[in-house]
Amino acid sequence: MTKTEKMDEFLKYYAKVFKQNPSLQINKDIIYSGLMNYGLDEHEQKQNIRPLFDKWIKRYENKKLDVFHSTRQNRFLQFHNDGYSKSDYVKIYLSFGADDIEECVNIIFDYIDKNNFKILSKVADITRSDSVVLRICEIEDAKKIINFINNNQYLKSKAKEVNPFTIQNGIVGMANDRKLSYNETVAYLIQNYYKSIEDLNRVSIDDFKNYMLNTYNSIFKDKTKLDKFKNTSIFAKYSSNFNSDNEEVVNYYEVFITFLMSLNENTKIEDFYKHVSNCQDNNKHLSLVKHFDDHDKEIKSINKEELLSNFVLYASKKYGRKNVKLILQEYINGNQNAITRDNNYRKLFQMYISREDILRITNNDLEMFVGVEEENEQEILNVFKTAIIDTFQKYGFKQACHALRCLFNHDFRYISNGANYNRERLQKYNFDKLIEIINSYLSNIKLNNNEDYIETAVSYMAGINNRMSM
C-alpha cells in the first residue's frame, strides 16, 4: 500500500467511526489517538516501557548525552546534548514494539552520543507511533542519523510503521514544528475537514488535499480566515509559547507547509530539508512575522463603517435597497459569495468585515441602516427589463419569449437570475403591481397585423427592432 493509500484509508476509517456513531462528537483527540496508535496492533498499543527509563539514565550516565526525566513532560524521558542552537529542527519519528524498544533506543542514541550530534529528543513511557522522537539541530546531522537508521538491519527489522501524514524516508517519519505539535495540528485539521462536509461517505485523500489547500490559502495567503484561526482553541493552547500572536501565526504557516508537503506524493526529501533550512533562518522568520504585523496594521487602518456605507450606496443603485438588505443578511449567515466582486467588495468584506462588524455598525437593524423603502415603478421596470435582456443574451430569443409568457402566469422559473439576482428580485414584488407595470410599459409597443405580442415585446427589449409608440 502506498503512502497516499494509507492516508486515504486512515481518513475513511475515522469518517466511518464518526458516521456509525452519531452520538460521538467529532474531535481531534480521537483522531490524535488514531495517529498515535498507527501501525501497532491492538495488543501492542500503549504498552508500559517506563521501567526502562532508569536503565537508559544509567547507560548514559557518563556520556555526552544528558538523559533525564523532567516533570514538565512527565510521560517522556529526555535525551539532550548541549550546544543546541537552532530555533527549529528536523523532527524524526520512530516506532518500536515493547519487546524491542530498549535495544533499538540503545543503538540509536549510542550512535548519536558517539558522533556528538546536537539534539533535543525524547522517548515516551508507552508504545506509540512516535515513541521515539529525535529533534536534530543540524540538517546534515539529521541526514547522517537517518542514513544510519535506515541501513541498520536490526532497526529495520523491528520498526513499526509511523503515521503516514509525515514526510517519510525509510522507517522514519519527519516533520518540523518549532514550538507547536505537528501531530496535534494534523489531528485538528482532519477534525475540521470532517466537520466541513455534510456526507462523511465522500471523505477521500483527494478531497482532503483540496480542503487543506483552500484552508492554507484562506488563512495565510488571502488572510480572509486569519482572524478566525487566531480565535481557535488550538491557537490559544500554544499562545504562551510565543511573544506575539503573529510569531505563532508564522509557526503555523511553517507547519501547514510541512503538512502540505506530506500530502504530496511527489515531495522530495531535499525539498523538505530546504523548507526546514528556511524555517531555521531567523531573518526569514522575522520577515514573515513583520508581514503579518503589517497586515494587522492595515486592518486597523480600515474604516469599516465607511466601507459598509459605500457598499450599501453602490449596491442599492445596482440591486435595489430591499435586495441589499437580503444580501447583507446572506453574508451574516455565512454566504460570502453574496457580496459582489464589483470594486473588489467581496475580497474587502472577506478581509475586513465580519458578521459581528455588520451587526455592530447597523445596530442589528439592517432595514434601518440600508434605508429600505418600497421601490418606485421605474425601479421595478428596470429590474424587469434587465431580467428579460439577460435571459435573451444567455439563452436566446425563444427562451426569453417563453420566460415572459410564463411570467404572466406567475411562473418565474425560466427567467435568468444572473449576477443581479433579477429573478429573485422580481419574485419579491407584489405580483399584481408587477404585472400592471409591465403591461403599462408593453402597451406602448406598436404591433403590426398578426404579430405575436410577446415576441414583439422581447424583440424590442433585446434591441432587435424599435416598435415603441411615439
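Each remark here, short or long, concerns the structure printed above.
The sections below set out a description of the structure shown in this document.

Cut-off values and rules
Residues numbered from 1 in each chain as written. Predicted model: local features only at pLDDT ≥ 70, side-chain atom pairs only at ≥ 80, totals over all residues. Heavy atoms only, no water. Helix = DSSP H or I, 4+ residues; strand = E, 2+ residues; numbered from the N terminus. Expected span 1.5 Å × (residues − 1). Buried < 20%, exposed > 50% of the residue type's maximum accessible area, 1.4 Å probe, protein only. Arc of directions from axis to C-beta. Salt bridge = Lys/Arg side-chain N within 4 Å of Asp/Glu carboxyl O. 1 Å grid on protein atoms, 1.4 Å probe; cavity = no way out; pocket = protein on both sides within 12 Å on 5 of 7 lines; lining within 4 Å. Points joined across faces, edges and corners; volume = space filled by probe spheres on them. Nonpolar A, V, L, I, M, F, W, Y, C, P; charged D, E, K, R; others polar. Pairing = 2+ DSSP bridges. Core = buried A, V, L, I, M, F, W, Y, C linked by side-chain atoms within 4.5 Å. Contact = heavy atoms within 4.5 Å. Axes fitted to C-alpha atoms, helices over the stretch in contact; angles between N-to-C directions. Parallel < 35°, antiparallel > 145°, perpendicular 65-115°, else oblique. Left-handed = near helix turned anticlockwise from the far one by under 90°.

### Here's the deal with helix H22 (residues 431-442)
One turn of an α-helix holds 3.6 residues; hence residues three or four places apart share an orientation.
Okay, so step 1: An ideal rise of 1.5 Å per residue puts 16 Å on twelve residues; H22 measures up with 16 Å between its terminal C-alpha atoms.
Okay, so step 2: Phe431, Leu434, Ile435, Ile437, Ile438, Tyr441 and Leu442 are the residues of H22 that are buried. The arc enclosing the buried residues of H22, seen along the axis, measures out at 160°, which places them on a common side. Turned more than 90 degrees off the buried face of H22, the exposed positions are Asp432 and Glu436.

### A word on the pattern of salt bridges
Okay, so step 1: Evaluation of the coordinates by the stated rule reveals 29 salt bridges.
Okay, so step 2: The residue Glu102 makes a salt bridge to Lys55 at a minimum N-O spacing of 3.8 Å. With Glu102 in helix H4 (residues 101-115) and Lys55 in helix H3 (residues 52-59), this pair connects stretches of sequence that are 47 residues apart.
Okay, so step 3: Using a relative accessible area of 27% as the deciding quantity, one classes Glu102 as partly exposed.
Okay, so step 4: The class of Lys55 is partly exposed, set by a relative accessible area of 47%.
Okay, so step 5: Asp110 is the partner of Arg59 in a salt bridge, and the nearest nitrogen-oxygen pair spans 2.6 Å. Here Arg59 is found in helix H3, whereas its partner Asp110 is found in helix H4, with 51 residues between them in sequence.
Okay, so step 6: In the salt-bridge network here, residues are joined through shared partners; they are Lys28, Asp29, Glu184 and Lys237.

### Regarding the layout of surface pockets
Okay, so step 1: Approximately 1,000 Å³ is the volume found for the largest pocket.
Okay, so step 2: Lining of the largest pocket is provided by 29 residues; of these, Gln73, Lys122, Arg135, Lys179 and Leu180 occupy positions nearest its centre.
Okay, so step 3: Residue assignment for the lining of the largest pocket shows that the elements contributing at least two residues are strand S2 (76-80), strand S3 (90-94), strand S4 (120-124), strand S5 (132-136) and helix H7 (182-196).
Okay, so step 4: For the lining of the largest pocket, the class distribution of residues is ten nonpolar, eight polar and eleven charged.
Okay, so step 5: Taken as a whole, the second largest pocket holds about 730 Å³ of empty space.
Okay, so step 6: What lines the second largest pocket is a set of 26 residues, among which Thr224, Lys228, Tyr331, Gln336 and Ser354 lie closest to the centre.
Okay, so step 7: Among the secondary structure elements, those contributing two or more residues to the lining of the second largest pocket are helix H9 (226-230), helix H13 (282-301), helix H15 (321-332), helix H16 (345-352) and helix H17 (355-361).
Okay, so step 8: Here the lining of the second largest pocket gets four residues from one element, more than from any other, and that element is H16.
Okay, so step 9: A class-by-class count of the residues in the lining of the second largest pocket yields eight nonpolar, ten polar and eight charged.

### Quick notes on the pairing of S4
Okay, so step 1: In terms of burial, S4 is largely enclosed, as four of its five residues are buried.
Okay, so step 2: Here five bridges tie S2 to S4, and the two strands are oriented antiparallel to one another. Bridge assignment links His80 to a residue of S4, and that residue is Leu120.
Okay, so step 3: The pairing of S4 with S5 spans two bridges and is classified as antiparallel. Note that in S5 the partner of Lys122 across the bridge is Val133.

### Regarding the nonpolar core
Generally speaking, a soluble globular protein has its nonpolar side chains buried in company with each other.
Okay, so step 1: In this structure, Phe79, Leu94, Phe109, Leu134, Phe165, Tyr194 and Phe208 are the most contacted members of the largest nonpolar core, which totals 94 residues.
Okay, so step 2: Looking at this core element by element, the count peaks at eleven residues for helix H11 (residues 245-263).
Okay, so step 3: With residues near it in sequence (within four places) discarded, Tyr194 still touches Phe10, Leu11, Tyr14, Ala15, Phe18, Ile26, Ile31, Leu200 and Val203.

### Considerations on unusual backbone geometry
Okay, so step 1: If you check the backbone angles, Lys223 has positive phi at about 65° while not being a glycine.
Okay, so step 2: Take Lys223: it is sitting in the loop between helix H8 (205-221) and H9.
Okay, so step 3: Taking the relative accessible area as the measure of exposure, Lys223 reaches 10% and is therefore buried.
Okay, so step 4: In this structure, Asn343 is a non-glycine residue whose phi angle is positive, near 55°.
Okay, so step 5: Looking at where Asn343 falls in the secondary structure, it is placed in the loop between H15 and H16.

### Some points on the sheet that holds S4
Okay, so step 1: Pairing within the open sheet is antiparallel, and its seven strands lie in the order S1-S2-S4-S5-S3-S7-S6. Whereas interior strands pair on both sides, the edge strands pair on one side only; in this sheet they are strand S1 (66-69) and strand S6 (167-169). Here the average twist between neighbouring strands, direction ignored, is 25°.
Okay, so step 2: Across four bridges, the pairing between S1 and S2 is antiparallel.

### Concerning the packing of H8 against H11
Okay, so step 1: Contact geometry of H8 with H11 gives a least axis separation of 11 Å together with a crossing angle of 155°. Classified by the interaxial angle, the pair formed by H8 and H11 is roughly antiparallel. Here H8 and H11 pass one another in a crossing that is left-handed. Between H8, through Ile205, Phe208, Lys209, Met212, Leu213, Thr215, Tyr216, Ile219, Phe220 and Lys221, and H11, the contact on the second element is made entirely by Val249, Tyr252, Tyr253, Phe256, Ile257, Phe259, Leu260 and Leu263.
Okay, so step 2: Across the contact of H8 with H11, the residue classes tally to 15 nonpolar, one polar and two charged.

### Examining helix H1 (residues 3-20)
Okay, so step 1: With 18 residues, H1 should reach 26 Å at 1.5 Å per residue; the first-to-last C-alpha distance of 26 Å fits that figure.
Okay, so step 2: Lys6, Met7, Asp8, Phe10, Leu11, Tyr14, Ala15, Val17 and Phe18 are the residues of H1 that are buried.
Okay, so step 3: Close packing links the buried residues of H1 with helix H2 (28-36), H7, H8 and H11.

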